[in-house]
Amino acid sequence: KTIDRNKELLFLRERISGNYDLSDERYILKGTELTIDEIGSPTFAGIRQRDMNGKLECRVDIDSGEAGISVFMDESHHYDIKLRDSGGICETVLTLNIGSIKHEQKVVSLTGKQAVLKISFDSHNYHFYVNGEYMGSAGTRYLSSEISGGFTGVLFGMFAQNGGIGTFSGFRLAYSGIT
């Protein structure tokens, strides 16, 4: 079953409307200096994870800064696959944040400033891809309320940060376990 993202969209704390241009065809997120690693109202729009099997996919274009998709429990517990513009060089980065551990799992250079990002998931792992290339995996248990605390559950989200503008198109979240 495919989820209608427009009906289920959530934001972190206060939604600053000037940072979002939301249409049926695409989302444009304007990042601030506040990142999703910090408590506050970063530029983030997400949908609750509702099943343990499925995939999320979208195309991301950036102009500068950083933009990508996240498996987000809270500021200290999230996995991100993002595009990062580092002084004119664009790269895709898989970052794992588990408590106080923040680790860049893999960095891949890109020839342009756009990529198709994908996360497939099952009850044990989240698997990350850029333009069909496997980037790595991370365990679901580290984002569970048993490990990280909290009570709200995991969100699949789009984000922009460090002054970047991200354009997200073709956003599709599909579950294989829901009938």
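Residues numbered from 1 in each chain as written. Predicted model: local features only at pLDDT ≥ 70, side-chain atom pairs only at ≥ 80, totals over all residues. Heavy atoms only, no water.

**Overview of the side chain of Ser-120**
Relative to the helices and strands, Ser-120 resides in strand S10 (residues 114–121). What Ser-120 contacts, discounting residues up to four positions off in sequence, is Gly-54, Lys-55, Asn-125, Tyr-126, His-127 and Tyr-129. (Helix = DSSP H or I, 4+ residues; strand = E, 2+ residues; numbered from the N terminus. Contact = heavy atoms within 4.5 Å.)

**So, the pairing of strand S9 (residues 101–109)**
Where strand S8 (residues 89–98) and S9 come together, 8 bridges link them in antiparallel fashion. Across the sheet, the residue bridging to Thr-92 is Val-108, located in S9. Between S8 and S9, which pair antiparallel and follow one another directly, the connecting turn spans 2 residues, one of which, Gly-99, has a positive phi of 65°. (Pairing = 2+ DSSP bridges.)

**Points about the side chain of Asp-51**
Topologically, Asp-51 is positioned in the loop between strand S4 (43–48) and strand S5 (54–62). Despite being buried, Asp-51 has no salt bridge partner; Arg-50 is the closest side chain of opposite charge, sitting 8.8 Å away. In terms of polar contacts, Asp-51 uses its side chain to reach the backbone amide nitrogen of Asn-53, at 3.1 Å. (Buried < 20%, exposed > 50% of the residue type's maximum accessible area, 1.4 Å probe, protein only. Lys, Arg positive; Asp, Glu negative; His and termini not counted. Salt bridge = Lys/Arg side-chain N within 4 Å of Asp/Glu carboxyl O. Polar contact = N/O pair within 3.5 Å; in protein donor to acceptor, adjacent residues only side chain to side chain.)

**Observations concerning unusual backbone geometry**
Positive phi outside glycine occurs at Arg-13, with the angle close to 55°. Locating Arg-13 in the fold gives a position in the loop between strand S1 (10–11) and strand S2 (20–22). Even without being a glycine, Asn-131 presents a positive backbone phi close to 50°. Secondary-structure assignment places Asn-131 in the loop between strand S11 (125–130) and strand S12 (133–139). Overall, the relative accessible area of 48% leaves Asn-131 in the partly exposed class.

**A look at the packing of aromatic side chains**
Inspection of the entire model under this criterion finds 9 aromatic pairs. Taking the centre distance of 6.2 Å and the plane angle of 45° together, the rings of Phe-121 and Tyr-126 count as tilted. Overall, the relative accessible area of 4% leaves Phe-121 in the buried class. For Tyr-126, a relative accessible area of 2% puts it in the buried group. Relative to Phe-156, the ring of Tyr-126 has its centre 6.3 Å away and its plane inclined at 80°; by these criteria the two rings are edge-to-face. With Tyr-126 in strand S11 and Phe-156 in strand S13 (residues 155–161), this pair connects stretches of sequence that are 30 residues apart. Here the two residues Tyr-126 and Phe-156 agree in accessibility, since each one is buried. Taken together, the aromatic side chains of Tyr-79, Phe-121, Tyr-126, Phe-128, Phe-156 and Tyr-175 make up a single cluster linked through ring pairs. Directly above the aromatic system of Tyr-129 lies the positively charged group of Lys-118, at a separation of 5.3 Å from the ring centroid. (Phe/Tyr/Trp six-rings, centres within 6.5 Å; stacked < 30°, edge-to-face > 60°. Lys NZ or Arg CZ within 6 Å of the ring centre and 35° of its normal.)

**Comments concerning the pattern of salt bridges**
Under the counting rule described, the total for this entry stands at 7 salt bridges. The closest approach of N and O atoms between Lys-82 and Glu-66, which form a salt bridge, is 3.3 Å. Of this pair, Lys-82 sits in strand S7 (residues 77–86) while Glu-66 sits in strand S6 (residues 66–74), placing them 16 residues apart in sequence. Residue Glu-66 is classed as buried on the basis of its relative accessible area, which comes to 9%. Of the charged contacts in the structure, one is a salt bridge between Glu-133 and Lys-106, with a shortest N-O distance of 3.7 Å. In this pair, Glu-133 sits in strand S12 while Lys-106 sits in strand S9, placing the two residues 27 residues apart along the sequence. Residues joined in a network through salt bridges with shared partners are Arg-84, Glu-91 and Glu-104.

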